[in-house]
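# Coordinates in review
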Amino acid sequence: MKKVSVCFTLNGDSVTAEVPVTWSLLKTLREYFELTGAKEGCGVGECGCCTVIVDGDAVNSCLYPIPEIEGRSVVTVEGIAGKEGTLHPLQKAFLENNAVQCGFCTSGMIMSAKALLDKNPDPAEEDIRTSLSGNFCRCTGYVQIIEAVRRVAKGNT
Ligand code: FES
Ligand code: FES
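### Quick notes on the overall build of the protein
Secondary structure assignment for the protein yields five helices and five strands. Counting helices and strands in the order they occur from the N terminus, the protein gives β-β-α-β-β-β-α-α-α-α. Taking 15 Å as the expected radius of gyration for a compact globule of 157 residues, we find that the protein reaches 15 Å, a close match to that expectation. For the protein, buried positions account for 39% of its 157 residues. Sequence separation of at least 24 residues holds for 58% of the intrachain contacts in the protein that already meet a minimum separation of 6.

### Observations concerning the packing of helix 2 (residues 89-96) against helix 3 (residues 106-119)
Direction vectors running N to C along helix 2 and helix 3 enclose 130°, while the axes themselves pass 10 Å from each other. Classified by the angle between their axes, helix 2 and helix 3 sit oblique to one another. Considering the relative orientation of helix 2 and helix 3, their crossing is right-handed. Mapping the contact onto sequence places Leu-90, Gln-91 and Phe-94 in helix 2 and Thr-106, Ile-110, Ala-113 and Lys-114 in helix 3. Residue composition of the contact of helix 2 with helix 3, by class: four nonpolar, two polar and one charged.

### Observations concerning the sheet that holds strand 3 (residues 51-54)
One open sheet accounts for five strands, arranged 2-1-5-3-4; its pairing is mixed. Of all the strands in the sheet, just strand 2 (13-20) and strand 4 (57-60) have a single pairing partner and so form its edges. Each neighbouring strand pair of the sheet contributes to a mean axis angle of 45°, computed without reference to strand direction. Note: strand 3 against strand 5 (residues 73-75), two bridges, orientation antiparallel. In the sheet register, Ile-53 faces strand 5, and the bridge partner there is Val-75. Seen against the sheet, helix 3 touches strand 3 and strand 4 and runs at an angle of roughly 30° to strand 3.

### Quick notes on the domain arrangement of the protein
Parsing the protein into structural domains produces domain 1 (3-79) and domain 2 (89-153). Those elements giving two or more residues to the side of domain 1 that touches domain 2 turn out to be strand 3 and strand 4. When residues in the side of domain 1 that touches domain 2 are grouped by element, the largest group, three residues, is from strand 3. Here the residues of the side of domain 1 that touches domain 2 are counted per class, giving eight nonpolar, five polar and two charged.

### As for helix 2
When we look at burial in helix 2, the residues that qualify are Leu-90, Gln-91, Ala-93 and Phe-94. Around the axis of helix 2, the buried residues are gathered within 165° of arc, so they sit on the same side. Where helix 2 is buried, its residues meet helix 3 and helix 5 (143-153). Looking at the residues trailing helix 2, positive phi occurs at Asn-98, about 55°.

### What about the pairing of strand 2?
Regular strands show a simple pattern: their side chains alternate between the two faces of the sheet. Taking burial as the measure, the eight residues of strand 2 include zero buried ones, a minor fraction of the element. The sheet contact formed by strand 1 (residues 3-10) and strand 2 spans eight bridges and is antiparallel. Paired with Val-6 across the two strands is Ala-17, which belongs to strand 2. Following strand 1, the chain reverses through two residues before pairing antiparallel with strand 2; Asn-11 in that reversal takes a positive phi of roughly 50°.

How each quantity is defined
- Residues numbered from 1 in each chain as written.
- Chains lettered and ligands numbered in written order.
- Predicted model: local features only at pLDDT ≥ 70, side-chain atom pairs only at ≥ 80, totals over all residues.
- Helix = DSSP H or I, 4+ residues; strand = E, 2+ residues; numbered from the N terminus.
- Rg over C-alpha atoms; globule rule 2.2 N^0.38 Å.
- Buried ≥ 20, exposed ≤ 12 C-beta atoms within 10 Å, placed from the backbone.
- Contact = placed C-beta atoms within 7 Å.
- Axes fitted to C-alpha atoms, helices over the stretch in contact; angles between N-to-C directions.
- Parallel < 35°, antiparallel > 145°, perpendicular 65-115°, else oblique.
- Left-handed = near helix turned anticlockwise from the far one by under 90°.
- Nonpolar A, V, L, I, M, F, W, Y, C, P; charged D, E, K, R; others polar.
- Pairing = 2+ DSSP bridges.
- Domains from an automatic or database assignment.
- Arc of directions from axis to C-beta.

Right, here's the structure in full:
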């Protein structure tokens, strides 16, 4: 299969990947870079389990064609903890607020929430709900997730 070589920034590092031209960003992250935090749930842009941040926006990486990542900046859930392993405030709040059960949706939820808080550190609850509306959770019922994001927004972590 024809391959493409792409150069981009991944969690702060300049990287190059040579992968089949038909691959998505999600497949490249998981199979080329072995970053498996972003999950494949539906594979068609409906569940949000694959959410990562590209140039500041939350995107469904399963739908993102790898040739389009050239020159962009990608942040995955693996890139948000401190270098020494300190959890990001959202990761900490999800854990402490019981917002994680099976965990399959969690990295996508956290990346959608991070994209929101990076742009708006003090969002209304409605803004949080809107930002997470593309992320499905089959376990928690969403209440603890919304509360976890609100805790971070209020600085109560
Ligand atoms: S796997 Fe990408 S939206 Fe479901
Ligand atoms: S914690 Fe299981 S899908 Fe959300």
